[in-house]
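If you want the building blocks of each chain, they are given just below.
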Amino acid sequence: MKHMQRAELDSLLTHVAQSYRLLVPQRLEDGTRLLRPWGEGELVLSGEPVQRKPTEYFLPQLDPLLKIDTAGGVQLATVPETPLCLFGLNRADLQCLGFVDRFCAFPPQDDAYAVKRQNGLLIGLTGYCGPDGQLLPLTDGRCDIELIALADGWLAQAFTDIGSALLAEFNDIDPETLGTIRSLSEKRIAEERATLEQAARIVQQELVPDDFWREIGDRCILCSGCNLVCPTCTCFCVQDRTDQGGTERSRVWDSCQFDGFMREASGHNPLGSEALRTRRRIHHKLAADVERWGEISCFLCGRCDKTCPTGIGIQAVAAEIVKRFSTN
Amino acid sequence: MPSTCSTQRSSIYAPRLCRLLEVSDLTPQEKLFRLQLEDGSVLNHQPGQFVQVSIPGLTEAPISVASSPSRNGYFELGVRKAGSLTGAMHLLQPGATIGIRGPFGRPFQIDALRKRHLILLAGGCGLAPLRSLIQYCQDYPEQFGTIDILYGARSPQDLLFKDDLLQWRLSACFSCTYTVDNDPADSCYDGETGLITRLLPKLQIAPADTCAVVVGPPPMYRPVIEALHDKGLPSDRIMLSLERNMRCGIGKCGHCTIEHLYCCSDGPIFWLNEVEHLRGAL
Ligand SMILES: Cc1cc2nc3c(=O)[nH]c(=O)nc-3n(C[C@H](O)[C@H](O)[C@H](O)COP(=O)(O)OP(=O)(O)OC[C@H]3O[C@@H](n4cnc5c(N)ncnc54)[C@H](O)[C@@H]3O)c2cc1C
Ligand code: SF4
Ligand code: SF4
Ligand code: FES
């Protein structure tokens, strides 16, 4: 465990920026925080989570895959040679990124994601740096370095070799300095996740009747916001754009809330109703992904509940499921 | 210092060029395309697998390989004109090139079929993927028990692979029966009439020694499965090919999920007992 003051933090970031395209939280006029290039604006070290999902740097809304020339030759899309470093992500966003890393690495590896993500660096920021200085729960290690904000500077711990090397020059400190942060943080996480996990068990046991999905589905205006803001939503469709020089093939974010998402050319549509699509949105995170990947694929980043114009983000729906269908 | 990324990487999204050797009409809506990889390599598929056909400007569509890997030097695709990409394919002439990715997907589990009595049952377009297995059985008859081929189409004009059907009927390897839903006006038609489920009760089945393979349009599955269950065939000896909307073919785009399964990579071939309890699978 290391300890650093602001000047040392700046020196760490300056050092990182020599080898990485470093993005750090900065504040817009309206108060929202965004990741922006280091050095282009003031670094803002506390506040609301960054607005846009951090997975978009590796799986962007429009992701050019390749070009096909008129003779059928294929040229893969190029990516900047300098890898990215994302600084300032919270526990939930790092968990989401870790989940998507694993999803994309599952054979066959998604090379279009990997080529942007490989050699990248993740620096988490937790501790007393939430809105109004609230405690942000500690990460579960899905990053290279975690900085933990205290009243008098930051504790820093590395989870990878690259992280350790970057921290080597800073002063060691007794890990006991963490004090009660770990237990407070664990308590926070357990509280936050209790409802979601209980709802997950109910969904996994198929205790939610179709009428409920229909009712929630009726409230959905199909804006697709919940999917597009979600860092663990990775579904895409493919589009071609052709000009004289050939065709550019890209993938674009898609939403399972759209009627055409699963419709086949024959007309058969396994997700042919609002109710089924709403069930899919929730069931996929709380049950299907648990069965496949061993964990709930919602890490409570909060974006869908903040975004949904009709109040049916995942936490709202989970709370309703628990209220209505809990058997204990 | 992090290493730089190579732009010479290979990509799971990059299509390979194929040349069209032959095109033939199967029905007014379906054509058979015989193809070869432009670089001379072998597709290396297994019966039941599919490829993503790529046409620049029209993206991609999943199409099953309709020929057996035992037929050397080419592979075939039987394609129904269903929309933009398949429509454009129908305009192609021999000598043209298209892209493919793949082969993808879990194939028919041939090991589990060996030495058994097989019921190979297809409806409509489903005969295209099943044909790769039928050809395989035809080329390695010593590996399998007796084989019943059952095929149903809407009308005599809709029957796919008519030459093959004739040949299979005459072959010592198979007993081949086909049926059409509607009473044919065509007096040359010599097959059965009625839904495909009508053919099943007549079959002699020793359930312990039999496997069924079923490929057809979604509405066909439930009645056919019921008829096979009535014959005493358990779900772990019925293999199905399921169709879903597919964009990537490799478990990434999310369009083809059946609860926690990805139809493109966990399937498209499933044992019935792997999917029958899953919502929306059938
Ligand atoms: C595993 C598998 C094997 C198949 N094998 C064959 C075959 O051997 N012969 C055959 O004629 N058809 C087959 N199909 C159906 C075929 O994929 C569709 O008819 C085709 O995608 C329609 O594309 P289109 O561009 O002509 O139609 P449009 O309606 O213009 O576009 C539909 C778009 O939806 C997407 N899509 C992906 N999967 C499907 C699907 N299953 N149904 C509809 N749209 C889909 C494609 O990207 C396609 O471009 C198969 C489908 C699957 C999933
Ligand atoms: S809170 Fe919503 S947006 Fe965030 S991970 Fe969960 S489902 Fe996705
Ligand atoms: S954000 Fe809300 S209204 Fe929009 S698609 Fe999602 S659930 Fe429906
Ligand atoms: S087709 Fe893309 S995940 Fe199956």
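Residues numbered from 1 in each chain as written. Chains lettered and ligands numbered in written order. Predicted model: local features only at pLDDT ≥ 70, side-chain atom pairs only at ≥ 80, totals over all residues. Heavy atoms only, no water.

Description of the pairing of strand E8 (residues 147–153) of chain B
Residues and elements named next belong to chain B. Spelled out, the test is: Between buried and exposed lies partly exposed: a residue is buried under 20% and exposed over 50% of the maximum accessible area for its type, with that area taken using a 1.4 Å probe on protein chains only. Labels follow the DSSP assignment, with helices taken as runs of H or I lasting at least four residues and strands as runs of E lasting at least two, numbered in each case from the N terminus. Strand pairing requires that DSSP identify at least two bridges connecting the strands. For the handedness criterion, the strands are oriented away from the viewer, and a crossover whose path from the first strand over the helix to the second runs clockwise is classed as right-handed.
Extensive coverage of E8 is indicated by the burial of 7 of its 7 residues. By the alternation rule, side chains of E8 split into Ile147, Ile149, Tyr151 and Ala153 and Asp148, Leu150 and Gly152, which are all buried. Examined bridge by bridge, strand E7 (residues 117–123) and E8 share 6 bridges and lie parallel to one another. Of the residues in E8, the one forming a bridge with Leu121 is Leu150. As defined by bridge partners, E8 adjoins strand E9 (residues 174–180) across 7 bridges and the pair is classed as parallel. The residue bridging Ile149 from the neighbouring strand is Cys176, located in E9. Following the chain from E8 across helix H4 (residues 162–170) to the adjacent parallel E9, one finds a crossover that is right-handed.

Remarks on the domain arrangement of chain A
All names here are of chain A. Cut-off, in case you're wondering: An automatic or database domain assignment supplies the residue ranges for each domain. We call two residues contacting when some pair of their heavy atoms lies within 4.5 Å. When two parts are brought into contact, each loses some accessible area as probed by a 1.4 Å sphere; the total of that loss over both is the buried area. Here, a salt bridge means any Lys or Arg side-chain nitrogen found within 4 Å of an Asp or Glu carboxyl oxygen.
Each domain of chain A was delimited in the assignment, giving domain 1 (2–54 + 80–173) and domain 2 (197–235 + 256–325). For domain 1 and domain 2, the distance between their C-alpha centres works out to 29 Å. In this complex, domain 1 contributes 16 residues to the contact, which on the side of domain 2 involves 18 residues. Of the roughly 1500 Å² buried at the junction of domain 1 and domain 2 (both faces included), carbon and sulfur atoms supply 60%. Contact with domain 2 buries area across many residues of domain 1, yet Lys53, Cys96 and Phe99 alone supply 41% of it, more than any other trio. Summed over the shared surface of domain 1 and domain 2, the number is 4 salt bridges.

Some points on the interface of chain B and chain A
In plain terms, the rule: A 3.5 Å cut-off defines polar contacts: any pair of N or O atoms within that distance qualifies, except that in protein one atom must be a possible hydrogen donor and the other a possible acceptor, and neighbouring residues in sequence count only when both atoms are side-chain atoms. Under the grouping applied here, Gly and all other residues not named as nonpolar or charged are polar, the nonpolar ones being Ala, Val, Leu, Ile, Met, Phe, Trp, Tyr, Cys and Pro and the charged ones Asp, Glu, Lys and Arg.
On the chain A side, the residues contacting the 43 residues of chain B number 56 residues. The contact between chain B and chain A buries some 4100 Å² in all, and 55% of this surface belongs to carbon and sulfur atoms. Contact with chain A buries surface across chain B, with Arg9, Tyr13 and Lys252 of chain B losing the most and accounting together for 17% of the total. Linking chain B with chain A are 4 salt bridges. Of the charged contacts, one joins Asp210 of chain A and Arg279 of chain B as a salt bridge, the two residues approaching to 3.0 Å between their closest N and O atoms. The tally of links between chain B and chain A comes to 24 residue pairs in polar contact (both at pLDDT 80 or more). A per-class count over the side of chain B that touches chain A returns 19 nonpolar, 15 polar and 9 charged.

Focus on the sheet that holds strand E4 (residues 60–64) of chain B
Residue and element names in this part refer to chain B. Defined as follows: All axes are obtained by fitting lines to C-alpha atoms, using only the stretch in contact for helices, and the reported angles, taken between N-to-C directions, cover 0 to 180 degrees.
Spatial strand order, E4-E3-E6-E1-E2-E5: 6 strands in an open sheet with antiparallel pairing. The open sheet has two edge strands, E4 and strand E5 (75–80), and neither has a second partner. Each strand axis lies, on average, 40 degrees off the axis of its neighbour in the sheet, ignoring direction. Direction of pairing for strand E3 (residues 50–54) relative to E4: antiparallel, over a ladder of 5 bridges. When the sheet's bridge partners are listed, Phe50 is paired in E4 with Ser64.

Looking at the pairing of E9 of chain B
Residue and element names in this part refer to chain B. The element E9 is largely enclosed, with a buried count of 5 among its 7 residues. Direction of pairing for E9 relative to strand E10 (residues 192–193): parallel, over a ladder of 2 bridges. Counted as the bridge partner of Thr179 is Glu192 from E10.

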